[in-house]
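Results of the structural survey
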Amino acid sequence: MSDPTRPTGAKIIAVANQKGGVGKTTTTINIGAALAEQGFNVLLVDLDPQGNASTGLGLDSAKRDKTTYDLLVEEAPISEVIKPTNIEGLLLAPATTDLSSADIEMFSNEKRSFLLHDALRQPDIDQYELDYVLIDCPPSLSLLTVNAMVAAHSVLVPLQSEFFALEGLSQLMLTIREVRQSANPNLRIEGVVLTMYDKRNNLSLQVESDARDNLGDLVFKTVIPRNVRISEAPSYAMPVLGYDTNSKGSVAYRKLAEELIRRHGQAL
Ligand SMILES: Nc1ncnc2c1ncn2[C@@H]1O[C@H](COP(=O)(O)OP(=O)(O)O)[C@@H](O)[C@H]1O
Ligand SMILES: [Mg+2]
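Residues numbered from 1 in each chain as written. Chains lettered and ligands numbered in written order. Predicted model: local features only at pLDDT ≥ 70, side-chain atom pairs only at ≥ 80, totals over all residues. Heavy atoms only, no water.

With respect to the overall build of the protein chain
Scanning the protein chain from N- to C-terminus turns up 12 helices and seven strands. Against the 2.2 N^0.38 benchmark of 18 Å for 268 residues, the protein chain shows a C-alpha radius of gyration of 17 Å, consistent with a compact globule. In terms of its C-alpha atoms, the protein chain occupies a principal-axis envelope of roughly 55 × 40 × 35 Å. In the protein chain, buried positions account for 53% of the 268 residues. Pairs at least 24 residues apart make up 79% of the contacts formed inside the protein chain by residues separated by at least 6 positions. Accessible surface computed for the protein chain: about 11,900 Å², of which carbon and sulfur atoms make up 49%. Looking at charge distribution, the protein chain has the averaged site of its 25 positive side-chain charges lying 7 Å from that of its 34 negative ones. (Helix = DSSP H or I, 4+ residues; strand = E, 2+ residues; numbered from the N terminus. Rg over C-alpha atoms; globule rule 2.2 N^0.38 Å. Buried < 20%, exposed > 50% of the residue type's maximum accessible area, 1.4 Å probe, protein only. Contact = heavy atoms within 4.5 Å. Areas by Shrake-Rupley, 256 points an atom, 1.4 Å probe, with all protein chains shown as cover. Lys, Arg positive; Asp, Glu negative; His and termini not counted. Charge placed at Lys NZ, Arg CZ, Asp CG, Glu CD.)

Focus: the site of ligand 1
Surrounding ligand 1, one finds 14 residues, the nearest of these being Gly21, Lys24, Thr25, Thr26 and Pro225. Contact between ligand 1 and Gly23: an oxygen atom at 3.0 Å from a main-chain N or O atom of the residue. In this structure, Lys24 approaches ligand 1 through a side-chain N or O atom, which is 2.9 Å from an oxygen atom. Taking 560 Å² as the accessible area of ligand 1 by itself, protein coverage stands at 79%. The cavity that encloses ligand 1 is the largest pocket. Of all the secondary structure elements, the ones that give two or more residues to the shell around ligand 1 are helix H1 (24-37) and helix H10 (228-232). In terms of residues, the shell around ligand 1 owes the most to one element, H1, which gives three residues. Considered class by class, the residues forming the shell around ligand 1 number five nonpolar, seven polar and two charged. (Near = heavy atom within 4 Å. Polar contact = N/O pair within 3.5 Å; in protein donor to acceptor, adjacent residues only side chain to side chain. 1 Å grid on protein atoms, 1.4 Å probe; cavity = no way out; pocket = protein on both sides within 12 Å on 5 of 7 lines; lining within 4 Å. Sits in = over half its atoms within 2 Å of the grid points. Nonpolar A, V, L, I, M, F, W, Y, C, P; charged D, E, K, R; others polar.)

The structure is reproduced here in structure tokens:
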């Protein structure tokens, strides 16, 4: 059913960092909302068994009848998995805790690293006319994250502005290099975004200057401030852009999305 050679029109971006709590899900949801606000058609793929992106977008687990688990393990048609959200233009392939066993179940499949790649290239995805697919990865470098990197054109890395932030990065870069050498030679690093940034805190400034010294232009100019509205939004089942549209967090995520669009040179 799927044809892995078929190109897809959408830019596919994996949001990855094996550390938990660094802002992957928040960044995925809010870049997704900001791109949708700009008129792009966006699919958010929840690849974390915790399903935080699905909950944060207000999809009750009862409504997650078909999920990314079915997509990867049962090779379900993607049109059965994709659900609308309350945000116009933002679609969701949800996850539930089922996904925690996917790693083991996918392992015996000889296409194990290509399951998401193939799923996102099924012909029935064309009906959505997607411009962007954003994949919210789990906090590990497991087979799920490898599937995201094999499926993607690029990897976007949220980096929490705290001590040791850069330490985990070499492991992540190593995984990206391995994926390039094996399955996806064209995989790019979209960029590194500093999250939970506090300009009054010396540590944030230090992490930023270390990141810019070491990674140069790979670091997005936009930094995401630590902002309480960002952390409140998921309990209202909304991106911060919907919850408090003029908050510092919303403004920052809009700027980040604009930077991303400029890098792709494909504003509408
Ligand atoms: N810029 C921010 N300001 C304040 N809180 C944030 C910010 N970004 C993320 N958070 C909060 O930090 C926690 C971890 O963020 P999350 O996006 O779930 O990380 P990850 O997906 O990497 O585990 C969540 O409670 C989230 O609401
Ligand atoms: Mg998460």
